[in-house]
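# Coordinate inspection notes
So you can see what is in the structure, the chains are spelled out below.
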Amino acid sequence: MSRLPSEIDVLDARLISLLYAEPRIGVLECSRRLGVARGTIQARLDRLASRGVIRGHGPDIDPAALGYSVTAFVTLEIRQRFGHDPVSTHLRDIPEVLEVHTITGSGDLLCRIVARSNADLQRVIDRVMSFEGIVRSSTIIALASQIPYRVLPLVAAAAGDS
């Protein structure tokens, strides 16, 4: 069976899991814990980063800990003559907009946004809607996070270790 360029093996999965659990761990300590040479770990990290599997090594920030305890998902319908790019540029300037995806279905864009309170959410939505390229929005407020964003089960499955 030929491997696709995006596939990972069990060592990659173990390395990613270790880095996910302990993001501040060094290459030398990774090699010691995984029982492989330091050069192997460094080469794996470089390869995973160049392929886009590992996109960063920064801290994982919790918006609620910063005072943004309300999370909402907003579907936007846009004026097609403006296109997605100007709307995305507008949304990029709003700090509370965490991510934006082009989608299929009744809307054009799906945004994950945060706010300090429900009243503050209205302020954020008003700012989102202030762009003339946006026609309509539909907002769903998240009450609780049953399964937070996760990738480790996917890493294990991709390595065939599920």
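Scroll up a little and you will see the structure.
Rules of the game
- Residues numbered from 1 in each chain as written.
- Predicted model: local features only at pLDDT ≥ 70, side-chain atom pairs only at ≥ 80, totals over all residues.
- Heavy atoms only, no water.
- Axes fitted to C-alpha atoms, helices over the stretch in contact; angles between N-to-C directions.
- Helix = DSSP H or I, 4+ residues; strand = E, 2+ residues; numbered from the N terminus.
- Parallel < 35°, antiparallel > 145°, perpendicular 65-115°, else oblique.
- Left-handed = near helix turned anticlockwise from the far one by under 90°.
- Contact = heavy atoms within 4.5 Å.
- Nonpolar A, V, L, I, M, F, W, Y, C, P; charged D, E, K, R; others polar.
- Core = buried A, V, L, I, M, F, W, Y, C linked by side-chain atoms within 4.5 Å.
- Buried < 20%, exposed > 50% of the residue type's maximum accessible area, 1.4 Å probe, protein only.

Between helix H2 (residues 27-34) and helix H3 (residues 38-50), the least distance of the axes is 8 Å, while the angle of their chain directions is 110 degrees. Judged by the inter-axis angle, H2 sits roughly perpendicular to H3. Two packed elements cross with a definite hand, and for H2 against H3 that hand is right-handed. Counting all contacts with H2, which are made through Val27, Leu28, Cys30, Ser31 and Leu34, the residues of H3 involved are Arg38, Ile41, Gln42 and Leu45. Of the residues in the contact of H2 with H3, the class split is 6 nonpolar, 2 polar and 1 charged.

Quick look at the nonpolar core now. Ranked by size, the top nonpolar core spans 19 residues in total, and within it Leu76, Val87, Leu91, Ile113, Leu121, Val128 and Ile134 carry the most contacts. Those elements that place two or more of their residues in this core are strand S1 (70-78), helix H4 (84-92), strand S3 (109-115) and helix H5 (118-129). It is S1 that contributes the most residues to this core, 5 residues altogether. Setting aside anything within four residues of it in sequence, one finds isoleucine 113 in contact with Val70, Thr71, Ala72, Val74, Glu96, Val97, Leu98, Leu121, Val124 and Ile125.

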